[in-house]
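One-letter residues, chain by chain:
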Amino acid sequence: MIVPNKFITYEQSAIAKAPRLLEKLTKPCNITEFYKSNKRSFQSVRDFIYVLDTLYVLNQIKLDESNGEISRVD
């Protein structure tokens, strides 16, 4: 879930997880490998994608579609 509500706590929301995930993205990384190295922080791959979507919309990450890598926006 992207935002907290009465069923989703702030700690479980994408808004809370986005900065922590962004800190771990220190160099360009394949999305699949990045998920594998961080999957214990997420209940499902869907939750991981919500966080990536949030970071993308906020222009904090970019996707290189040619090789499937994500990186921080400078």
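Residues numbered from 1 in each chain as written. Predicted model: local features only at pLDDT ≥ 70, side-chain atom pairs only at ≥ 80, totals over all residues. Heavy atoms only, no water.

## A closer look at the sheet that holds strand S1 (residues 29-30)
Now for step 1: In space, the 3 strands of this open sheet follow the order S1-S3-S2, with antiparallel pairing throughout. Each end of this open sheet is capped by a strand with a single partner; those strands are S1 and strand S2 (61-64).
Now for step 2: As paired elements, S1 and strand S3 (residues 69-72) share 2 bridges and run antiparallel to each other. Directly across from Cys-29, in S3, lies its bridge partner Ile-70. (Pairing = 2+ DSSP bridges. Helix = DSSP H or I, 4+ residues; strand = E, 2+ residues; numbered from the N terminus.)

## Some remarks on helix H2 (residues 31-38)
Every α-helix carries 3.6 residues per turn, so stepping three or four residues along brings you back to the same face.
Now for step 1: Among the residues making up H2, those that are buried are Phe-34, Tyr-35 and Asn-38. All buried residues of H2 fall inside an arc of 100 degrees around its axis, so they share one side.
Now for step 2: Contact partners of the buried residues in H2: helix H1 (14-24), S1, helix H3 (45-57) and S3.
Now for step 3: Between the side-chain oxygen at the start of H2 and the backbone nitrogen of Thr-32 there is a gap of 2.8 Å, and the oxygen is on Asn-30. (Buried < 20%, exposed > 50% of the residue type's maximum accessible area, 1.4 Å probe, protein only. Arc of directions from axis to C-beta. Contact = heavy atoms within 4.5 Å. Polar contact = N/O pair within 3.5 Å; in protein donor to acceptor, adjacent residues only side chain to side chain.)

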